[in-house]
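Topology and contacts: notes
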Amino acid sequence: MQNFAKNERLCSKSVIDQLFTQGHSFFKHPLKIKWLQGQWDSNNSVKVVISVSKHRFKKAVDRNKIKRLIRESFRLNKFVLENGLKGQKVYLAIIYTSNEMPDFATLNRVINDVFHRLNLDYEKLSG
RNA sequence: AAAGCAGUGUGUUCUGUCGCCAUAAUUUAAUUUUAUGGAGGAAAGUCGGGGCAAUAAAAGGCGCCAUACUUCCUAACGGGAAGGUUUCGCAACCGGCGAAAACAGCAAGUGCCACAGAAAACAACCGCCUAAGUCAUCGUUGCAUGACCGGUAAGGGUGAAAACGUAGAGUAAGAGCCUACGAUAUGGUUUGGUAACAAACCAUAUGGGUAAACCUUAUGGAUUGAAAGACCAAAUAUACCCGGAGAUCUUUAUGAUCGGAAGCUGCCCGCUUUAUUCCGGGGGGGUAGGUCGUUUAAGACCGGAGGUGACUCCGGCCUAAGAUAAAUGACAGAAACCUGAGCAUUAAUCAGGAACAGAACCCCGCUUAUAGCACUGUACGGUAC
RNA sequence: CGGGGCGUAGCGCAGUCCGGCUAGCGCACCUGGUUUGGGACCAGGGGGUCGAAGGUUCGAAUCCUUUCGCCCCGA
């Protein structure tokens with residue numbers, strides 16, 4: 001299913017603090033990724049938070065646009081990550097760090113690469 | 001005729017696939033499925049005003065802040081409408097039209113006005129005048145000369161600004177001191193107007209600018225903002241309250257027996273307590289989190305009536321985003337619009353473009369940003385040269 | 001959402017309340033002197049539309065209005 005429901009979003013402030021202080025991170029232009037293994041009740045395998053800096057994009061319209069594009073490509077590529085994780089659960093933060101507006105095609109490709117990379121890192125870490 | 005500039009209005013529609021948020025129905029172990037709805041004229045800036053909420057508070061005064069032609073509209077406003085005055089534009093003049101105005105008061109008081117200039121506000125530095133008064137002088141006894149006491153704003157290369165303007169009369173010299181014409185201000189009367197104000201007449205005056213200087217007058221203003229505020233409430237710790245604490249027996253109970261610590265006593269018995277420890281229960285405040293506040297309102301649309309207008313009244317009809325690390329999207333296609341190529345021109349065709357910008361308690365305004373398109377103004381008439 | 005502050009020379013700051021004074025100070029920069037040469041020192045010099053636009057005034061960095069950018073605070 002290529003949907004994106006409410007329980008796949010990370011909303012708790014304390015968990016976000018934990019993710020940003022203790023999480024593993026890597027960088028793939030124009031995205032910065034932070035991730036951390038987690039535990040929760042519902043049976044989805046990822047909780048994600050998407051962030052665009054107010055410093056880089058002053059207009060709310062542009063920030064909303066970028067967040068919507070990232071969310072859309074996350075939704076379409078989520079199956080890659082779910083296959084790699086094999087039932088484990090992960091908190092994820094996606095931070096946009098460029099100064100230019102992205103277009104959907106390149107962003108989609110980057111997200112796909114990022115998820116493959118994330119799967120490799122996860123396997124390496126867990127053995 | 002029209003570019004540009006300024007203002008006002010408008011702010012593209014439809015189809016398919018996959019998704020997001022809310023509500024309703026349906027169905028479950030979680031949930032699923034279906035239907036309906038889902039950004040703006042500025043949602044922006046947060047500059048005014050109000051609702052709403054909490055706190056404070058007799059009335060009133062002082063202080064502080066804001067506003068300032070008039071009448072009206074509005075819940076209210078620093079907003080709006082109509083009107084007046086002044087200035088500006090068409091424009092040389094008149095009418096007319098349009099635009100702008102922080103347009104109360106400096107003739108209530110105080111302060112300031114650099115440089116220059118005699119002087120920047122109770123004006124005698126130079127200049128002009130010695131008629132009157134006092135004193136002195138003398139070949140001249142005067143309509144003399146000199147000094148003192150004075151008079152005088154007509155003239156003076158300045159300056160942003162110089163003490164009503166021009167002409168006459170008058171005088172020793174002069175002066176609105178007086179006269180004529182003109183200008184301005186204040187007060188009064190009459191007429192028109194709800195009023196600001198306008199016109200006419202009379203009287204008085206001639207007082208430089210500055211209140212986006214202090215200030216005066218009039219009017220208004222309590223403070224803090226939905227992160228306000230109300231309610232529910234896990235985990236952990238816990239004020240306070242209640243019950244209990246080890247061992248043995250059995251009839252399993254509000255049971256019996258033995259025992260520990262402390263106090264009363266010198267000691268035993270007996271009585272009382274048992275906390276600062278631990279266990280169980282209650283319990284208040286309250287964190288994470290959640291619910292309400294929160295979208296039915298100074299509401300939209302249609303029709304009628306009143307008013308120059310802002311706007312008001314009456315009737316009908318409708319309910320229209322509601323998220324909370326924050327939904328309203330992505331991809332593909334079509335139509336209309338604009339630009340370029342194409343063509344003598346139009347059409348077909350091809351390529352490209354489509355602004356400013358995203359609700360966060362809710363309204364009314366203001367301000368600022370806006371591609372393309374539409375409309376209005378700039379862009380009237382007469383007279384004179 | 002609400003509140004407060006700052007934009008002046010390449011850099012860091014005065015001056016703004018209460019309008020006129022050459023828009024000033026330190027570092028940096030340039031020229032000359034000093035030294036065998038450099039630094040330090042001495043003397044002299046250049047560089048500013050006071051964030052932007054409009055207004056008030058004879059006159060605005062300063063007063064008023066609008067606007068742009070930056071920073072801080074309240075949970």
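This structure is a prediction, so every number in the text was calculated from the model and none was measured.

What to know about the protein's contact with RNA strand B
Among the 20 residues in the neighbourhood of RNA strand B, the closest are listed as Lys6, Lys59, Lys65, Arg68 and Arg75. Atoms of RNA strand B within 4 Å of the protein: sugar and phosphate make up 81%, bases the balance. One of the side-chain nitrogen or oxygen atoms of Lys65 is found 2.7 Å away from a phosphate oxygen of RNA strand B. Among the elements of the structure, helix H1 (13-22) and helix H2 (60-85) are those that each provide at least two residues to the surface near RNA strand B. The biggest single contributor to the surface near RNA strand B is H2, with 9 residues. A per-class count over the surface near RNA strand B returns 8 nonpolar, 3 polar and 9 charged.

Details of the pairing of strand S4 (residues 90-96)
Burial runs high along S4: 7 of the 7 residues are buried. Both faces of S4 are covered, namely the face carrying Val90, Leu92, Ile94 and Tyr96 and the face carrying Tyr91, Ala93 and Ile95. Where strand S2 (residues 31-37) lies against S4, 7 bridges are found, and the strand directions are antiparallel. By the bridge assignment for S4, Leu36 is matched with Tyr91. In the sheet, strand S3 (residues 46-52) pairs with S4 via 7 bridges, with the strands oriented parallel. Considered in S4, the bridge of Val48 is made with Leu92. In this fold, S3 hands off to H2, which returns the chain to S4; that crossover is left-handed.

So, a positive patch on the surface
Taken together, the side chains of Lys6, Arg9, Lys65, Arg68 and Arg71 present a region of like positive charge at the surface. With respect to the helices, strands and loops of the structure, Lys65 is situated in helix H2.

Let's talk about the confidence of the model for chain A
Overall, the prediction assigns chain A a mean pLDDT of 78, with 92% of residues at 70 or greater. The secondary structure element of chain A with the lowest average pLDDT is H1, at 74, and the one with the highest is S4, at 83. For this predicted complex, the interface confidence comes out at an ipTM of 0.74, alongside a pTM of 0.73.

A word on the pairing of S2
The side chains of a regular strand alternate between the sheet's two faces. The element S2 is extensively covered by neighbouring structure, given that 5 of its 7 residues are classed as buried. Two elements, strand S1 (residues 24-28) and S2, share 5 bridges in a ladder whose sense is antiparallel. Each residue of the ladder has a partner; that of Phe27, found in S2, is Lys32. Linking two consecutive strands that pair antiparallel, namely S1 and S2, is a turn of 2 residues.

The rules behind these values
Residues numbered from 1 in each chain as written. Chains lettered and ligands numbered in written order. Predicted model: local features only at pLDDT ≥ 70, side-chain atom pairs only at ≥ 80, totals over all residues. Heavy atoms only, no water. Near = heavy atom within 4 Å. Polar contact = N/O pair within 3.5 Å; in protein donor to acceptor, adjacent residues only side chain to side chain. Helix = DSSP H or I, 4+ residues; strand = E, 2+ residues; numbered from the N terminus. Nonpolar A, V, L, I, M, F, W, Y, C, P; charged D, E, K, R; others polar. Buried < 20%, exposed > 50% of the residue type's maximum accessible area, 1.4 Å probe, protein only. Pairing = 2+ DSSP bridges. Right-handed = clockwise from strand over helix to strand, strands pointing away. Patch = residues over 30% accessible without salt bridge, like charges linked within 9 Å, V, L, I, M, F, W, Y side chains within 5 Å. Areas by Shrake-Rupley, 256 points an atom, 1.4 Å probe, with all protein chains shown as cover. Salt bridge = Lys/Arg side-chain N within 4 Å of Asp/Glu carboxyl O. Lys, Arg positive; Asp, Glu negative; His and termini not counted. Charge placed at Lys NZ, Arg CZ, Asp CG, Glu CD. pLDDT = per-residue confidence, 0-100.

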